[in-house]
Amino acid sequence: MAEVVLRGSPHVLYRRRPALVRAMAAEARRKVSHVLTVAGSDSGAGAGIQADIKACAAAGVYCSSVVTAVTAQNTVGVQGVHPVPEDFVAEQLRSVLSDMEVDVVKTGMLHSGSVIEVLCSSLKEFPVRALVVDPVMVSTSGDMLSAPSTLAVYCNKLLPLADIVTPNLKEASALLGGCSLKSVADMYSAAKLIHSLGPSRNVLVKGGDLPDSSDAVDVFYDGEKCHELRGSRVVTRNTHGTGCTLASYIAAELAKGSPVMQAVQRAKSYVASALCYSKDLVIGNGPQGPFDHLMKLKNHVSGLAQKPLFNPDDLLLYAVTDSGMNKKWGRSITDAVKAAIEGGATIIQLREKEADTQDFVEAARSCLAICRPCNVPLLINDRVDVALACDADGVHVGQSDMPAHLVRSLLGPRKIVGVSCKNPAQAEQAWADGANYIGCGGVFPTSTKANNPTVGLDGLRTVCMASKLPVVAIGGISVGNARSVLEISVPNLKGVAVVSALFDQECIATETRRLRSILSDVLRT
Ligand SMILES: Cc1ncc(COP(=O)(O)OP(=O)(O)O)c(N)n1
Ligand SMILES: Cc1ncsc1CCOP(=O)(O)O
Ligand SMILES: [Mg+2]
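Predicted model only: the values in this text are computed from it and were never measured. Counting restarts for each chain: residues are numbered from 1 in the order of the written sequence. Written order determines the labels here, with chains lettered from A and ligands numbered from 1. In keeping with the model being predicted, local features are shown solely for residues with a pLDDT of at least 70 and side-chain atom pairs are shown and tallied solely at 80 or more, while totals for entire chains, interfaces and linings include all residues.

Caption draft 1: Structural detail: the overall build of the chain. A count of helices and strands for the chain gives 20 helices and 19 strands. To sort residues by burial, count the other C-beta atoms lying within 10 Å of each one's C-beta; a count of 20 or more means buried, 12 or fewer means exposed, and anything in between means partly exposed. C-beta atoms are built from the backbone. Across the 525 residues in the chain, those meeting the buried criterion constitute 50%. The contact criterion used here is simple: two residues whose C-beta atoms, placed from the backbone, lie within 7 Å are in contact. Once local pairs closer than 6 in sequence are excluded, the contacts in the chain between residues at least 24 apart make up 66%. Going along the chain from the N terminus, every DSSP run of H or I of four or more residues is numbered as a helix, and every run of E of two or more is numbered as a strand.

Rendered as structure tokens:
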């Protein structure tokens, strides 16, 4: 048996068998989430393989590529298509799938029935964790990218293997034999009908082309329920590639382990941010410019590198400030926030109902300078503008504030969005809108917020049970009753949010410490 000499340190030589060496190397290396895109090349680089690779890069996922066709296209339209022969598509598939540990396959332009058949056989030989099918048939410029004869092969062979299929209105209509889709209600029916053809487990019908809609509305059907996902429409000509990008980002999120609905929400939010960042880019003379996935996404990219995603455990002791109480005790907002953090608050919300905008932004900046080094997230109550101005970690909104889906698209995917909810329907909507957590209350009567009906511990339990998001309880909670709140013992109830129990007290740090110790004690038992 041949032996290999490995140099472990300058003075030590190890002798190992090759198989053992390979196993050790495999263990030592980091497993990277991996999407394989099977799609056409877009010479303009806004869509196709090029968009897929950039979207996966933005999501922090490795992307390999099998090219099915080479297109000559720009912002005017598609000037030519050069299909790659099926046996060479098969060879590329074998090269990647046999060697490179692909998690998720995403498909784009599949120009012929035989290419689809080649892909289906490869997926049977080399199964992957998930398949995302973007049924690219016609370019936005109206050019055909897939022969009409492929439709049957799509429906009978590829869709049954898919975890999610993401048609736009034209593609959904084509899959359903040419029916007309003109409203959100039509999209609901289309999503259910596509699902009932027996194909993909999840269907996302994209309503970007819906006429007369001020929102970008997509309909997601998971086989049981339709969810309406709304985002604000970004007015720009730079929309070429949004479909490929959305599907690739979904694939990237699935590769990282996100559940399907979360993957869709994150993808939608990423596309909205990318459109916002690049809405004024000038590239090309045609009617449809490409948007940019990375170049202008400074916040997104640096956010990926630096900021962790929302951690639900941060909801444990949620301190909400009150300017009236600070005035009463003669404290500055920064001293109040410092004391709460010193006592063990895990997240801070600035709820400054009377502050002038300028003062609010200044106060928020000063508080951020205190929170950031302590790794305590700082959220702003109600005011998205203030949060954007000072780059706060998120915003909390109620039912009559700015709708959460708009807050999400304005803040982007990596900020924290919280929504007040009193019943299961509101909790469901908060989730569909892309919120990170919900606040439920008032649990007990409180004089801090006027005219706020209480839901009691039973109402809190009902909302927690219905919520797919983590929950923080609020309203009349203090050291005297916090234990009874956490003891309802519903796993997604992550903590309590308090105002007067901390800020209407002589010593904020002492009261925070007392409350924190009760909460930690309940969690331990
Ligand atoms: C954590 C948390 N939950 C609920 C609320 C209440 O928000 P909202 O219903 O918008 O009422 P106001 O706080 O704006 O009066 C909250 N602020 N924080
Ligand atoms: C902001 C808010 N939302 C529901 S109840 C409430 C006030 C909570 O204040 P306190 O903790 O003093 O009862
Ligand atoms: Mg509010």
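Caption draft 2: View of helix H7 (residues 184-196). Each helix should span, by expectation, one fewer than its residue count multiplied by 1.5 Å. Taking 1.5 Å per residue, 13 residues should reach 18 Å; H7 reaches 18 Å between its end C-alpha atoms and fits that length. Among all positions of H7, only Met 187, Ala 190, Ala 191, Ile 194 and His 195 are buried. Down the axis, H7 shows its buried residues gathered within 130° of arc, on one side only. Seen from the buried face of H7, the exposed residues on the opposite side, beyond 90 degrees, are Ala 185 and Ser 196. Working note: the arc is built from the helix axis to C-beta atom directions.

Caption draft 3: Geometry of the environment of Leu 309. Checked against the element boundaries, Leu 309 lands in the loop between helix H10 (298-306) and strand S12 (317-320). In sequence terms Leu 309 and Arg 414 are 105 residues apart; their C-alpha atoms lie 6.4 Å from each other.

Caption draft 4: Examining unusual backbone geometry more closely. In this chain, Gly 441 is followed by Gly 442 through a cis amide linkage whose omega measures -5°. Structurally, Gly 442 can be placed in the loop between strand S17 (437-441) and helix H17 (456-466). One non-glycine residue, Ser 489, lies in the positive phi region at around 50°.

Caption draft 5: Spotlight on the site of ligand 2. For each residue, a C-beta atom is placed from the backbone, and the residue counts as near a molecule or strand when that atom lies within 6 Å of it. Taken together, the neighbourhood of ligand 2 is formed by 14 residues, with Thr 446, Thr 448, Gly 475, Val 499 and Ser 500 sitting nearest. Note that Gly is not counted as nonpolar here; it falls among the polar residues with everything else outside the nonpolar set of Ala, Val, Leu, Ile, Met, Phe, Trp, Tyr, Cys and Pro and the charged set of Asp, Glu, Lys and Arg. Across the shell around ligand 2, the residue classes tally to 5 nonpolar, 8 polar and 1 charged.

Caption draft 6: Here's a closer look at the packing of helix H4 (residues 113-125) against helix H5 (residues 150-158). Packing of H4 against H5 brings their axes to within 9 Å, and their N-to-C directions diverge by 15°. As far as their axial angle goes, H5 and H4 are roughly parallel. At the point where H4 passes H5, the crossing takes the right-handed sense. Between H4 and H5, the residues in contact are Gly 113, Ile 116, Glu 117, Leu 119 and Cys 120 and Thr 150, Val 153, Tyr 154, Lys 157 and Leu 158, respectively. By residue class, the composition of the contact of H4 with H5 is 6 nonpolar, 2 polar and 2 charged. Lines fitted to C-alpha atoms define the axes, with helix axes restricted to the stretch in contact, and inter-axis angles between N-to-C directions lie between 0 and 180 degrees. For classification purposes, angles smaller than 35 degrees are called roughly parallel, those larger than 145 roughly antiparallel, those between 65 and 115 roughly perpendicular, and all remaining angles oblique. Helix crossings are classified by the rotation of the near helix relative to the far one: an anticlockwise turn of less than a right angle makes the crossing left-handed, while a clockwise turn makes it right-handed.

Caption draft 7: Molecular detail of the site of ligand 1. Within the structure, ligand 1 sits among 17 residues, and Gly 398, Ser 420, Gly 439, Ile 474 and Ala 497 are positioned closest to it. Contributing elements (two or more residues each) for the shell around ligand 1: S12, strand S15 (394-397), strand S16 (416-421) and strand S18 (471-474).

Caption draft 8: Geometry of the sheet that holds S18. Two strands are counted as paired when DSSP detects at least two bridges linking them. Pairing within the closed barrel is parallel, and its 8 strands lie in the order S12-S13-S14-S15-S16-S17-S18-S19. Direction aside, neighbouring strands of the sheet carry axes that sit 25° apart on average. Pairing analysis gives 4 bridges linking S17 to S18, with the strands arranged parallel. The partner of Gly 441 across the bridge, within S18, is Ile 474. Taken strand by strand, helix H13 (residues 357-371) contacts strand S13 (347-350) and strand S14 (378-381), and its axis lies near 175° from that of S13. Contacts between helix H16 (residues 424-432) and the sheet are confined to S16 and S17, with S16 contributing the most and set at about 165° to the helix.

Caption draft 9: Representation of helix H8 (residues 242-256) within the structure. Here H8 spans 21 Å end to end across 15 residues, near enough to the 21 Å set by a 1.5 Å rise per residue. Most of H8 is tucked away: 14 of the 15 residues are buried. Two residues or fewer past H8, Gly 257 is found with a positive phi of approximately 105°.

Caption draft 10: Representation of the nonpolar core in the model. Linking buried Ala, Val, Leu, Ile, Met, Phe, Trp, Tyr and Cys residues through C-beta atoms within 7 Å yields a set, and such a set is a nonpolar core. Val 35, Val 132, Tyr 249, Ile 250, Ala 251 and Ala 252 are the most contacted members of the largest nonpolar core, which has 78 residues in total. In contact with Tyr 249, other than residues within four places in its own chain, are Ala 55, Ala 59, Arg 266, Ala 267, Tyr 270 and Val 271. Residues Leu 316, Val 417, Phe 444 and Leu 486 belong to the second largest nonpolar core, which totals 75 residues.

Caption draft 11: View of the pairing of S14. The alternating pattern of S14 places Leu 378 and Ile 380 and Leu 379 and Asn 381 on opposite faces, both of which are buried. Relative to S14, S13 runs parallel, the two sharing 3 bridges. Of the residues in S14, the one forming a bridge with Leu 350 is Ile 380. By definition, the crossover connecting two strands over a helix is right-handed if that path, from the first strand to the second, turns clockwise as seen with the strands pointing away from the viewer. What joins S13 to S14 is H13, and the crossover it makes is right-handed. Pairing between S14 and S15: 3 bridges, direction parallel. From the neighbouring strand, Leu 379 faces S15, where its bridge partner is Gly 394. In this view, the connection linking S14 to its parallel neighbour S15 by way of helix H14 (residues 384-390) has right-handed handedness.

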